Structures are given as structure tokens and as C-alpha cells.
Amino acid sequence: MRPSNADAMPGRRFHTVDVFAREPYAGNQLAVVHDAADLDDETMLALTRETNYSEATFVEDATPDDGRYPVRIFDPAEELPFAGHPTIGTAAVIREFLRDDDPDELVLDLPVGDVPVWVETDADGTERYWMQQVAPAFSEGLDRDAAAAVIGLDEGDVHDVPIDVVSTGLPTLVVPLRDRDAVECASTQPDAYEREIVEGLGGANVLVVSGDTVDADADLHARVFADWAGVPEDPATGSAAGCLAGYLARYDADARRMGLDVPEGGRERDDGRDAVDCVVEQGIEMDRPSRLHLRASVRDGGDGEGNERIDVRVGGRVVPVSEGHLFQST
């Protein structure tokens, strides 16, 4: 039986958007469900799987008293404490469809903590959403041979540099490769992936990257594999991009040697300028071309012990695609 309009209208509203896209049907898809405070975890997970997207978000309160919007993020396997394109995409839906005043800044209350999102307008009038991620944390990753085995390449395809796990809320193994051909040939290998990523690291995104790009307006070419989360490949991964920005800021000398875009003397900059300011292309192999803008600054950690703090921001455009009502949501 086809539901009538009367049956449909009382249901929860939702929007879908393409994040880190320059046009519809590119970038990373996201479903944003409104008025979700009374949905249980099982229903949110089921709705996420129903979309067949890499993530869906659930806005629990559209008019919070303290101005912090409580949001939950799910992928097809579980709830996430943080994810990049869902954060930016949800903020855009709140700003453009739930608010009447188009604020320039919003704060999302996520399990990882408060994440500010703001809007910057380019000279041509294009609006780009930016988010401040939590400071990246670094831990030991893999050696070149193990990393190459995970993605089905030869050790010589992997640069002789640190292959760290970096996290700004979700862990990402950053694997710099020698050229775009190596990036395009990369493919996770089940046995090595299970051994090194799932058992060895406890689960992590795998980001492969090269300074050899398809488009001249991009600085880096990347792919991200997230088999552990039920997403074999992701077309645009804001959390992993933030991890990459932190990696580039920490290992700027190695990054320049690899042809990755990091300004000379980036680590000495403590005057408000960015140590990293670049554009990443992703999703091309999936026919979902994406553009992620990265910024990172290296500053004194403020602990009196000479430790550094890396500030990471990731930005991109958000393109609305559809809106509607759920017939069944409980």
C-alpha cells in the first residue's frame, strides 16, 4: 500500500547533501535526520544502513538553549564519536534549513566534544564550511613492508618515511606513496588488513596519498579505505583529511621531499599563518570527485616543556540534494 501524504507528513524530516562536492552527485553523501532525540540506537543504525551511505547523522535538538547542537553519527557498523563530512554536512543542514538567520558559526555537540563549524565566503561568492578538529594524536603505525602488504603494493611503492596512526577523533593510518599510479593500484588485502589493521591497530582508516594529482587545482591525490567500519572505500573523508593535515605539519621536511605541499619553514611559523594550506582530491576512482581543503598550524603547546600543539582545520562545499519525510522511523 502506498502511504498517503497525510501519513507521510507527520514523519521526521530528513535532508541529503553531498559534502566536499563542487556539484550535485559528487563528494560524499550524507543523510541528516531531524528531531531524533527519541530514536534508539538500533533504529538509528537501521536507518543508516537503509540509506546505503557511509554515514548518517541524527540531530537531537534543533533549538538547543545553549546553542550547542547535539548530534549523533552512525556508520553501517556502529556509532562514531566523530566523522568529518557528517560534521560539516550536518552543520550546513542546520544553518540552511533549520535556522532562519544563517549564522556564520555553529557548534556541534559530538561524543568527541564540541566541534565548531564556520562559513567562509570566497571572492566569487562561493561558501565553504570549515571545522576545527581536536588536536591530532600520533601513535606508532606500520613499517613499509607491512603497510605495502595491507594495500597490495610493493615496499618500493611506499615512501621511506614514518607511517603513523593519527587521530583527531577517528584513527587513520597515513601511507605516503611514490606516485598516483601507486595510489590508483592500492587495494586492501583481506588477510593482511585483518592482521595489521584490525588485530594489530584495533581498527583504523587507511589513507594513501601522493603529490601527483589528476587536476591542476589540487595539491594532493588521496584515497581512504575503511573496511573495518563497513566502508570499503570512502569518496571524501574529513576526519582522515584532518589527520593528514596533522601529519604534514609534523613531518614537513619529509613531506616536501615526497612532493607533498608543505611551505618551507612551516614549523617555525607561530604568527597565525598556516604551516599547511592545501587542497586534496579524493573520490576520483569512485566517480565521486571531491575537494577537501586542509589547514594546519604548529604552535607552542603552552605546557612549559617545549611540546608543540598542532591546530587542524578542514573545509569544503556542501551541495543540497534532497529532502523528505520518513514514513517509518520507530
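Up top is the structure.
Anyway, here's the lowdown on the structure attached to this text. (Residues numbered from 1 in each chain as written. Predicted model: local features only at pLDDT ≥ 70, side-chain atom pairs only at ≥ 80, totals over all residues. Heavy atoms only, no water.)

**Re the packing of aromatic side chains**
Then, number 1: Inspection of the entire model under this criterion finds 2 aromatic pairs.
Then, number 2: Relative to Phe 74, the ring of Phe 58 has its centre 5.9 Å away and its plane inclined at 90°; by these criteria the two rings are edge-to-face. Taken together, the residues Phe 58 in strand 3 (residues 56-59) and Phe 74 in strand 4 (residues 68-74) connect sequence positions 16 residues apart.
Then, number 3: Summarising the aromatic geometry, the rings of Tyr 247 and Tyr 251 are spaced 5.0 Å apart at their centres and angled 55° between planes, so their arrangement reads as tilted. With respect to class, Tyr 247 is no different from Tyr 251; both count as buried.
Then, number 4: Here Arg 250 stacks its cationic end above the ring of Phe 138, 4.3 Å away from the centre of that ring. (Phe/Tyr/Trp six-rings, centres within 6.5 Å; stacked < 30°, edge-to-face > 60°. Helix = DSSP H or I, 4+ residues; strand = E, 2+ residues; numbered from the N terminus. Buried < 20%, exposed > 50% of the residue type's maximum accessible area, 1.4 Å probe, protein only. Lys NZ or Arg CZ within 6 Å of the ring centre and 35° of its normal.)

**Considerations on the pattern of salt bridges**
Then, number 1: Per the stated rule, a full pass over the model turns up 24 salt bridges.
Then, number 2: A salt bridge links Arg 22 to Asp 217; the nearest nitrogen and oxygen atoms lie 3.0 Å apart. Remark: Asp 217 occurs in the loop between strand 12 (205-210) and strand 13 (220-226) and Arg 22 occurs in the loop between strand 1 (13-19) and strand 2 (28-33); sequence separation between them is 195 residues.
Then, number 3: Under the relative-accessibility criterion, Asp 217 is labelled partly exposed at 44%.
Then, number 4: The salt bridge partner of Asp 311 is Arg 309, with a shortest N-O separation of 2.9 Å.
Then, number 5: What makes Arg 309 partly exposed here is its relative accessible area of 35%.
Then, number 6: Ionic contacts of the salt-bridge type, sharing partners, join the residues Arg 22, Asp 215, Asp 217 and Arg 291 into one network. (Salt bridge = Lys/Arg side-chain N within 4 Å of Asp/Glu carboxyl O.)

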